[in-house]
Amino acid sequence: MGTTHGPRSDTRARIVAIALELFSEHGYERTSLREIADRLGVTKAALYYHFKTKEDIVQGIVAATAAPIDELIAWGREQTWTPEVRDELIRRFAAGMSERAPLLRFFQENQPALRDLPAGREFRESMIALVRLVHGPEATFEDRLRAAMSLFTINSALFLLHQDKGPGTGRYVSEVPVEEATREEAVEAAQHVALEICRLIGRPAPTD
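Okay, so let's go over this structure. As the structure is a prediction and not an experimental result, all values here were calculated from the model.

## A word on the packing of helix H5 (residues 83–98) against helix H10 (residues 183–198)
The N-to-C vectors of H5 and H10 enclose an angle of 155°; their axes lie 10 Å apart at closest approach. In this view, H5 runs roughly antiparallel relative to H10, as classed from their interaxial angle. In terms of crossing hand, the pair formed by H5 and H10 is right-handed. Each of Arg86, Asp87, Ile90, Arg91, Ala94 and Ser98 in H5 lies in contact with H10, whose residues at this interface are Arg183, Val187, Gln191, Ala194, Leu195 and Cys198. The class makeup of the residues in the contact of H5 with H10 is 6 nonpolar, 2 polar and 4 charged.

The structure is reproduced here in structure tokens:
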């Protein structure tokens, strides 16, 4: 069976990966196309063949991040909401994002720059759509908040994992020892906490 991947698509993927490294290191606004080309070892003209602007590269990053989310949204819209469907949405989101930690970190660390870019708006819209699928119909604001927090738990776990592994972060915060985790442990813990949160959806609020 043939494949649609070729030299051009492989080069585009490499450009996106290198740009992602630089954006994470220096920030989106402080990274130039020249720096991306230099890190790749190509001319600026060669880079232009694939991406005309940094915004075009961000669109490629969003596409790589959003692909599993869009597939999950499509699956969720075909289902009738039940607690089991809600939990499966969380599990699938965790699985899809576990290998995309650098992409999530990029969004976390460059939110101000991405706020007004079309790519940034598209990603936010996808996340809002997923939140709505998790909380289901007739949700209270508390339930909507629980749905959002359950999904953001996955991102938070990957953020903490990066802080633990990153250079210069140290192993202690305010002299409190920090237990490091592998990516698998972090994702498993995040999924467990996310499910704990979202299973509160639909429960009556406690009365005084």
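## Let's talk about the packing of aromatic side chains
As enumerated under the stated definition, the model contains 1 aromatic pair in all. On the basis of an interplanar angle of 65° and a centroid distance of 5.2 Å, the ring pair of Phe23 and Tyr28 is categorised as edge-to-face. By the burial criterion, Phe23 is buried, and Tyr28 matches it. The ring of Tyr28 carries the charged tip of Lys54 above its face, separated from the ring centre by 4.5 Å. Positioned over the ring face of Trp75 is Arg92, at 4.0 Å from the centre of the ring.

## Section: unusual backbone geometry
A positive phi angle, near 55°, is found at Glu138, a position not held by glycine. Residue position: Glu138 is located in the loop between helix H8 (118–135) and helix H9 (141–165). Accessibility expressed as a relative area gives 82% for Glu138, which makes it exposed.

## Re the packing of helix H4 (residues 54–77) against H5
Two measures define how a pair of helices packs: the angle their axes make with one another and the distance between the axes. Here H4 crosses H5 at 165°, and the two axes come no closer than 10 Å. The pairing of H4 with H5 is recorded here as roughly antiparallel in orientation. Every pair of crossing elements has a handedness; the one defined by H4 and H5 is right-handed. In contact with Thr65, Pro68, Ile69, Leu72, Trp75 and Gly76 of H4, H5 contributes Val85, Glu88, Leu89, Arg92, Phe93, Gly96 and Met97. In terms of residue class, the contact of H4 with H5 is made up of 8 nonpolar, 3 polar and 2 charged.

## Focus: the nonpolar core
Residues Phe23, Ile36, Ile57, Val58, Ile61, Phe93 and Leu130 are the most contacted members of the largest nonpolar core, which totals 55 residues. Per-element tally for this core: the top contributor is H4, with 9 residues. Setting aside anything within four residues of it in sequence, one finds Ile57 in contact with Ile15, Val16, Ala19, Phe23, Leu33, Ile36 and Phe51.

## Focus: H5
Compared with the 22 Å implied by 1.5 Å per residue over 16 residues, the 23 Å span of H5 between its first and last C-alpha is a close match. Among the residues of H5, those classed as buried are Val85, Arg86, Asp87, Leu89, Ile90, Phe93, Ala94, Gly96, Met97 and Ser98.

## Concerning helix H2 (residues 33–40)
One full turn of an α-helix is made of 3.6 residues, so residues set three or four places apart face in the same direction. Regarding H2, the residues found buried are Leu33, Ile36, Ala37 and Leu40. Across the axial projection of H2, the buried residues extend over an arc of 100°, all falling on one side. Trailing H2 by a residue or two, Gly41 shows a phi angle of about 80°, which is positive.

## Points about the pattern of salt bridges
All told, the structure shown has 9 salt bridges when counted by the stated rule. Across the salt bridge formed by Asp38 and Arg34, the nearest N and O atoms sit 4.0 Å from each other. You can see Asp38 and its partner Arg34 sitting in helix H2, 4 residues apart, about one turn around the helix. Classification of Arg34 as partly exposed rests on a relative accessible area of 40%. Between Asp87 and Arg199 there is a salt bridge, and its shortest N-O distance comes to 3.0 Å. Residue Asp87 is found in helix H5, and its partner Arg199 is found in the segment after H10; the two are separated by 112 residues along the sequence. A relative accessible area of 8% places Asp87 in the buried class.

About the criteria used
- Residues numbered from 1 in each chain as written.
- Predicted model: local features only at pLDDT ≥ 70, side-chain atom pairs only at ≥ 80, totals over all residues.
- Heavy atoms only, no water.
- Axes fitted to C-alpha atoms, helices over the stretch in contact; angles between N-to-C directions.
- Helix = DSSP H or I, 4+ residues; strand = E, 2+ residues; numbered from the N terminus.
- Parallel < 35°, antiparallel > 145°, perpendicular 65-115°, else oblique.
- Left-handed = near helix turned anticlockwise from the far one by under 90°.
- Contact = heavy atoms within 4.5 Å.
- Nonpolar A, V, L, I, M, F, W, Y, C, P; charged D, E, K, R; others polar.
- Phe/Tyr/Trp six-rings, centres within 6.5 Å; stacked < 30°, edge-to-face > 60°.
- Buried < 20%, exposed > 50% of the residue type's maximum accessible area, 1.4 Å probe, protein only.
- Lys NZ or Arg CZ within 6 Å of the ring centre and 35° of its normal.
- Core = buried A, V, L, I, M, F, W, Y, C linked by side-chain atoms within 4.5 Å.
- Expected span 1.5 Å × (residues − 1).
- Arc of directions from axis to C-beta.
- Salt bridge = Lys/Arg side-chain N within 4 Å of Asp/Glu carboxyl O.

Honestly, it's all geometry; don't read function into it.
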